[in-house]
Amino acid sequence: MTDRHLHCVYFKYDDPSKPEGTCLLKQEKITRGYAPHCQDIVLRPMSILSYFLKHEHYCESWECADKKALEYLEKVGFNNFPKKSCPEEGGGKVK
C-alpha cells in the first residue's frame, strides 16, 4: 500500500538503527520498515498530509512536505500520533 510503511501507527522499530520492526496489530515481524506488508496500514496524520502535499505537487520534496504538514498540525493543535510531550500542561504526556 505504501513505500513508507514505518509511518503506519502499527509499526514499531525493534532497533531504530535497523530497518526491521514489528507489526503491533498482527504481532508479526517486518523485515523492511519501508516495504508494504498488509492492507491494514493506518497512517499517522502527519504522513497523510505529507502524502497529499507531495502527490498534489504543493511540495517538491518529502522533506518540504513533512515540514509543512508538521507546521499545519502544530498550528491547529491536532495530535500527531504518537502523542508528544505537552510542556504547557506540566510536561506530561498528552492522553
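Right above here is the structure, for reference.
Now for a description of the structure that goes with this document.

Thresholds, definitions, all that
- Residue numbering note: each chain is counted from 1, following its sequence as written.
- Per-residue local features are limited, in this predicted model, to residues with pLDDT of at least 70; the limit for side-chain atom pairs, both in listing and counting, is 80 or more; totals at the level of whole chains, interfaces and linings are taken over all residues.
- Side-chain numbers come from the whole structure's heavy atoms, not from hydrogens or water.
- For the purposes of this entry, the term helix denotes a DSSP run of H or I that reaches at least four residues, the term strand denotes a run of E that reaches at least two, and both are numbered from the N terminus.
- Each residue gets one of three labels from its accessible area relative to the maximum for its type: buried under 20%, exposed over 50%, partly exposed in between, using a 1.4 Å probe on protein chains only.
- Every accessible area reported is derived by Shrake-Rupley at a probe size of 1.4 Å, with residue values counting cover from the shown protein chains alone.
- A pair of Phe, Tyr and Trp rings is counted when the ring centres sit within 6.5 Å of each other, with Trp represented by its six-membered ring. The angle between the planes then sorts it: under 30 degrees is stacked, over 60 is edge-to-face, the rest tilted.
- Definition used: whenever NZ (Lys) or CZ (Arg) falls within 6 Å of the ring centre and also within 35 degrees of the ring normal, the charge is taken to sit over that ring.
- A helix is expected to reach a length of 1.5 Å times the quantity of its residues less one.
- Here a strand pair is declared whenever DSSP counts at least two bridges between the two strands.
- Fitted lines through C-alpha atoms serve as axes, helices being fitted only where they are in contact, and the angles separating the N-to-C directions of these axes extend from 0 to 180 degrees.
- Residue contacts follow a heavy-atom distance rule, with two residues in contact if any of their heavy atoms lie within 4.5 Å.
- The labels follow the angle: roughly parallel below 35 degrees, roughly antiparallel above 145, roughly perpendicular from 65 to 115, and oblique for the rest.
- Handedness of a helix crossing follows the sense of rotation of the near helix relative to the far helix, less than a right angle counterclockwise being left-handed and clockwise being right-handed.
- Note on residue classes: Ala, Val, Leu, Ile, Met, Phe, Trp, Tyr, Cys and Pro are nonpolar, Asp, Glu, Lys and Arg are charged, and everything else, Gly too, is polar.

**A short note on the overall build of the protein**
- A count of helical and extended segments in the protein gives two helices and three strands.
- Along its sequence from the N terminus, the protein presents helices and strands in the succession β-β-β-α-α.
- When the 95 residues of the protein are sorted by exposure, 28% land in the buried category.
- Summed over all atoms, the accessible surface of the protein reaches about 6,800 Å², with 56% contributed by carbon and sulfur.

**Re the packing of aromatic side chains**
- If you walk through the whole model with that rule in mind, you get three aromatic pairs.
- With a centroid separation of 5.3 Å and an interplanar angle of 70°, the aromatic rings of Tyr-51 and Trp-62 are classed as edge-to-face. With Tyr-51 in helix H1 (residues 45-55) and Trp-62 in helix H2 (residues 62-76), this residue pair connects regions lying eleven residues apart in the sequence.
- Between Lys-54 and the ring centre of Trp-62, over which it is positioned, the NZ or CZ distance is 5.8 Å.

**As for H2**
- Taking 1.5 Å per residue, 15 residues should reach 21 Å; H2 reaches 21 Å between its end C-alpha atoms and fits that length.
- Directly after H2, the chain includes Gly-77, whose backbone phi takes a positive value near 75°.

**Thoughts on the sheet that holds strand S3 (residues 28-30)**
- A sheet is described by the order of its strands in space; here three strands give the open sequence S1-S2-S3, paired in antiparallel fashion. Each of the sheet's edge strands pairs with one partner strand only, and the pair in question is strand S1 (11-13) and S3. Each strand axis lies, on average, 35° off the axis of its neighbour in the sheet, ignoring direction.
- Pairing analysis gives three bridges linking S1 to strand S2 (residues 21-23), with the strands arranged antiparallel. Bridge pairing in S2 places Lys-12 opposite Thr-22.

**Thoughts on H1**
- Looking only at H1, the buried set comprises Met-46, Ser-47, Ser-50, Tyr-51 and Leu-53.
- On its buried face, H1 is in contact with H2.

**A look at the packing of H1 against H2**
- Contact pair H1 / H2: the axes reach a minimum separation of 8 Å and the direction vectors enclose 130°. In this view, H1 runs oblique relative to H2, as classed from their interaxial angle. H2 is crossed by H1, and the crossing has right-handed handedness. Every residue of H2 that contacts H1 at Pro-45, Met-46, Leu-49, Ser-50, Tyr-51, Leu-53, Lys-54 and His-55 is listed here: Trp-62, Ala-65, Asp-66, Lys-68, Ala-69, Leu-70, Tyr-72 and Leu-73.
- Each residue belonging to the contact of H1 with H2 can be placed in one class, and the counts come to eleven nonpolar, two polar and three charged.

**A look at unusual backbone geometry**
- In this structure, Gln-27 is a non-glycine residue whose phi angle is positive, near 50°.
- Position of Gln-27 among the secondary structure elements: in the loop between S2 and S3.
- For His-57, which is not glycine, the phi dihedral falls at a positive 65°.
- Within the element layout of this structure, His-57 appears in the loop between H1 and H2.

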